[in-house]
Amino acid sequence: MVPALGVGAFALLASILAPTDLSLGLAMFKNPRVPELVRGAINVESGLNDGIAAPLVMLFIGVAIAEFEQGVRPIVEAIVEIAIGVGVGGAIGLIGGLLLRRSRAANWSSAASRQFAALVLVVLAYAVVVEIHGNGFIAAFVGGLAFGIMAREAAHEAVEFSEKAGTLLTFAVWFIFGASVAPIIVSDGLS
């Protein structure tokens, strides 16, 4: 369709679009006629799609850059960024989940403060990893997995506010992505 784009750019586009299977079905997540267990399972599955696609997006960004620039090693850089994100994000999620679970058991925190703490952990994982040149999105995803494992039954309550904020941010990200990609596609001859 667009001969100017290479294999890396097409693989990148495919990995970006592949996990959007349920993004248009957002109304289903709010529909009270759909059992809560089903809504929750589909929500988790959708999140896993995004989490699995994120490392591929990073890798294919590296491939796309390598196709256009000689003498750079973007694939190696992408793998290092992913590894930093997994390690540091996982550690922050594990420690945060453990602390949240203990604060809940000892009645040191309220439901509202635990929800705020969960959101702070996401921002902390992202910011720390980006500061040390890792992938912040991978850190947030892996940190969330680790948090859920450690916080156990407290995790569902703690992420209610974060899920609502995440939905709003998802809309913003897709808008910005569309606005930034459109000029590139148009300049390569796709009307």
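Residues numbered from 1 in each chain as written. Predicted model: local features only at pLDDT ≥ 70, side-chain atom pairs only at ≥ 80, totals over all residues. Heavy atoms only, no water.

Structural notes on the environment of Asn-135
Our working definition: Where helices and strands are cited, they refer to DSSP runs of H or I of at least four residues and of E of at least two residues respectively, numbered from the N terminus. Only protein chains enter the calculation, and the probe is 1.4 Å; a residue is then buried if its accessible area is under 20% of its type maximum, exposed if over 50%, and partly exposed in between. Here, two residues are considered to be in contact whenever any of their heavy atoms come within 4.5 Å of each other. Two N or O atoms form a polar contact when they lie within 3.5 Å of each other; inside protein one atom must be a possible hydrogen donor and the other a possible acceptor, and for residues adjacent in sequence the pair counts only when both atoms belong to side chains.
Structurally, Asn-135 is set in the loop between helix 5 (111-131) and helix 6 (136-151). According to the relative accessible area criterion, Asn-135 is buried, its value standing at 6%. Considered as a pair, Asn-135 and Met-58 are 77 residues apart in the sequence and their alpha carbons are 8.5 Å apart. With near-sequence residues (within four places) excluded, Asn-135 lies in contact with Met-58, Glu-81, Ile-82, Gly-85 and Val-129. Within the structure, the side chain of Asn-135 is placed 2.9 Å from the backbone nitrogen of Phe-137, a separation counted as a polar contact.

Comments concerning the packing of aromatic side chains
Stated formally: When the centres of two rings from Phe, Tyr and Trp lie within 6.5 Å, Trp using its six-membered ring, the rings pair. Their planes under 30 degrees apart give stacked, over 60 give edge-to-face, and anything left gives tilted.
Considering all chains together, one arrives at 2 aromatic pairs under this definition. Plain terms: the ring middles of Tyr-126 and Phe-137 are 5.4 Å apart, the flat faces sit at 65° to each other, and that makes the pair edge-to-face. Here Tyr-126, found in helix 5, pairs with Phe-137, found in helix 6; they are 11 residues apart in sequence, far enough to count as distant. A relative accessible area of 35% places Tyr-126 in the partly exposed class.

A word on the nonpolar core
Condition: Residues belong to a common nonpolar core when they are buried Ala, Val, Leu, Ile, Met, Phe, Trp, Tyr or Cys residues joined through side-chain atoms within 4.5 Å.
If you look at the biggest cluster of nonpolar residues, it comprises 12 residues: Ile-92, Leu-100, Ala-118, Leu-121, Ala-125, Val-129, Ala-139, Phe-147, Ala-151, Ala-154, Ala-155 and Ala-158. Of all the secondary-structure elements, those providing two or more residues to this core are helix 4 (74-105), helix 5, helix 6 and helix 7 (153-158). For this core, the element with the highest residue contribution is helix 5, accounting for 4 residues. Within the second largest apolar cluster, 5 residues are counted, among which are Met-58, Ala-78, Ile-138 and Val-142.

With respect to helix 6
Since the α-helix turns once every 3.6 residues, residues separated by three or four places project in the same direction. Short version of the rule: What a helix should span is 1.5 Å times the count of its residues minus one.
Over its 16 residues, helix 6 extends 21 Å from the first C-alpha to the last, a length consistent with the 22 Å expected when each residue adds 1.5 Å. Where helix 6 is concerned, the buried positions are Gly-136, Ile-138, Ala-139, Val-142, Gly-143, Ala-146, Phe-147, Met-150 and Ala-151. Its side-chain oxygen 2.9 Å from the backbone nitrogen of Phe-137, Asn-135 forms the N-cap of helix 6. The positive-phi residue at the C-terminal boundary of helix 6 is Arg-152, with phi of around 50°.

Here's the deal with the confidence of the model for the protein chain
Defined as follows: Across the chain, each position has a pLDDT score giving the predictor's confidence in that residue, from 0 to 100.
The predicted model of the protein chain averages 79 in pLDDT, with 80% of residues at 70 or higher. Within the protein chain, the lowest mean pLDDT, 65, falls on helix 2 (residues 26-30), and the highest, 89, falls on helix 5.

With respect to the side chain of Ser-103
Considering the arrangement of structural elements, one finds Ser-103 in helix 4. The exposure class of Ser-103 is buried, given its relative accessible area of 13%. At 3.0 Å, the side chain of Ser-103 forms a polar contact with the backbone oxygen of Leu-100. Within polar-contact distance, the side chain of Ser-103 engages the side chain of Ser-109 at 3.0 Å. Those residues within four positions of Ser-103 in sequence are excluded, and the remaining contacts are Trp-108 and Ser-109.

Focus: a nonpolar patch on the surface
Put simply, the rule reads: For patches, a residue must show more than 30% relative accessible area and have no salt bridge; joins then use 9 Å for like charges and 5 Å for nonpolar side chains, namely Val, Leu, Ile, Met, Phe, Trp and Tyr. Methods summary: accessible areas were calculated by the Shrake-Rupley approach with a probe of 1.4 Å, and residue burial reflects only the protein chains presented. The term salt bridge refers to a side-chain nitrogen of Lys or Arg lying within 4 Å of a carboxyl oxygen of Asp or Glu.
There is a patch of nonpolar side chains on the surface, built from Phe-116, Val-120, Leu-124, Val-128 and Ile-132 and spanning about 410 Å² of accessible area. Mapped onto the elements, Leu-124 comes out in helix 5. The class of Leu-124 is partly exposed, set by a relative accessible area of 40%.

A look at the environment of Ser-109
By the element assignment, Ser-109 lies in the loop between helix 4 and helix 5. Residues contacting Ser-109, with those up to four places away along its chain left out, are Ser-103, Arg-104 and Arg-114.

Some details on unusual backbone geometry
The backbone of Asn-107 shows a phi angle near 55°, a positive value even though the residue is not glycine. Mapped onto the elements, Asn-107 comes out in the loop between helix 4 and helix 5. Look at Asn-107 and you get exposed, because its relative accessible area is 67%. At His-133, a residue that is not glycine, the phi angle is positive and equals roughly 65°. Among the structural elements, His-133 can be located in the loop between helix 5 and helix 6.

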